[in-house]
Amino acid sequence: MGATTTILGNDRRMLMIEFLQKRDGHANLREMVEYIAEREGGTDRKHRKSVYVSLVQTHIPKLQREGVISFDHGVVTLLRIPEDVTVYMEVVNKHDISWSVFYMGASVMFILAGFYLGSLSLIVTAFIYLFISLVHHSRVKRLI
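In short, a report on the structure. Just so we're clear, the structure is a prediction, and the values are computed from it rather than from any experiment.

Some thoughts on the overall build of the protein
Per the secondary structure count, the protein includes seven helices and three strands. Shown N-terminal to C-terminal, the secondary structure of the protein runs as helices and strands in the order α-α-β-α-α-β-β-α-α-α. For the protein, buried positions account for 34% of its 144 residues. Counting contacts in the protein only where the partners sit at least 6 residues apart, residues at least 24 apart contribute 53% of the total.

Take a look at the structure:
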């Protein structure tokens, strides 16, 4: 799983794979830049340029070396989806509850149970899980 983690351990590469999957494996670089900039919340010219430069100089070459995509004349083509990609991508319909929200709710319930039972270890553990789920939720929200 080391190579997959390296490939998908970056938000922009994850967004590239996501966009290519939505576009049946082919996308114009300009459209991809627009999509990623929008998802990151920065649609101004400076941010789009930053996205473009990072894709061309870093992310596209890395994914090409790994055999995940090809890039020719401004068109990015998805050659294969890296193993375990679904582990890293959370797809939730508009009115569904994400895993991070589910774990936040479960953590709060365990915190309350810990107070009720007088179990300090349960309270501490539940707070740790709550913190982890909050961090995960904030990262996923940035991508949505």
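Having seen the structure, we can now continue with the description.
Some thoughts on the packing of aromatic side chains
Here the structure, examined in full by the defined rule, presents two aromatic pairs. Here the aromatic rings of Phe 102 and Tyr 103 are separated by 5.5 Å at their centres, their planes lie at 70°, and the arrangement is edge-to-face.

Describing unusual backbone geometry
Even without being glycine, Asp 24 reaches a positive phi, approximately 55°. Note on placement: Asp 24 falls in the loop between helix H2 (11-22) and strand E1 (26-28). Under the relative-accessibility criterion, Asp 24 is labelled exposed at 70%. Positive phi is not limited to glycine here, since His 73 has a value of about 50°. Here His 73 is to be found in the loop between strand E2 (69-72) and strand E3 (75-78). Looking at His 73, the relative accessible area reads 77%, which means it is exposed.

Concerning the environment of Lys 62
Among the structural elements, Lys 62 can be located in helix H4 (residues 45-65). On the basis of relative accessible area, Lys 62 is assigned to the buried category, the value being 16%. Measuring from C-alpha to C-alpha, the distance between Lys 62 and Arg 13 comes to 9.3 Å, with 49 residues separating the pair along the chain.

Thoughts on the pattern of salt bridges
On inspection of all chains with the given rule, the structure shows five salt bridges. Between Arg 12 and Glu 40 there is a salt bridge whose closest N-O contact spans 2.8 Å. A residue pair is termed long-range when its members are at least 10 positions apart, and Arg 12 in helix H2 and Glu 40 in the loop between helix H3 (29-39) and H4 qualify at 28 residues. The partly exposed category is assigned to Glu 40, whose relative accessible area is 30%. Note that Glu 34 is salt-bridged to Arg 48, the shortest N-O span being 3.2 Å. Placement of the pair is Glu 34 in helix H3 and Arg 48 in helix H4, with a sequence separation of 14 residues.

Basis of the calculations
Residues numbered from 1 in each chain as written. Predicted model: local features only at pLDDT ≥ 70, side-chain atom pairs only at ≥ 80, totals over all residues. Heavy atoms only, no water. Helix = DSSP H or I, 4+ residues; strand = E, 2+ residues; numbered from the N terminus. Buried < 20%, exposed > 50% of the residue type's maximum accessible area, 1.4 Å probe, protein only. Contact = heavy atoms within 4.5 Å. Phe/Tyr/Trp six-rings, centres within 6.5 Å; stacked < 30°, edge-to-face > 60°. Salt bridge = Lys/Arg side-chain N within 4 Å of Asp/Glu carboxyl O.

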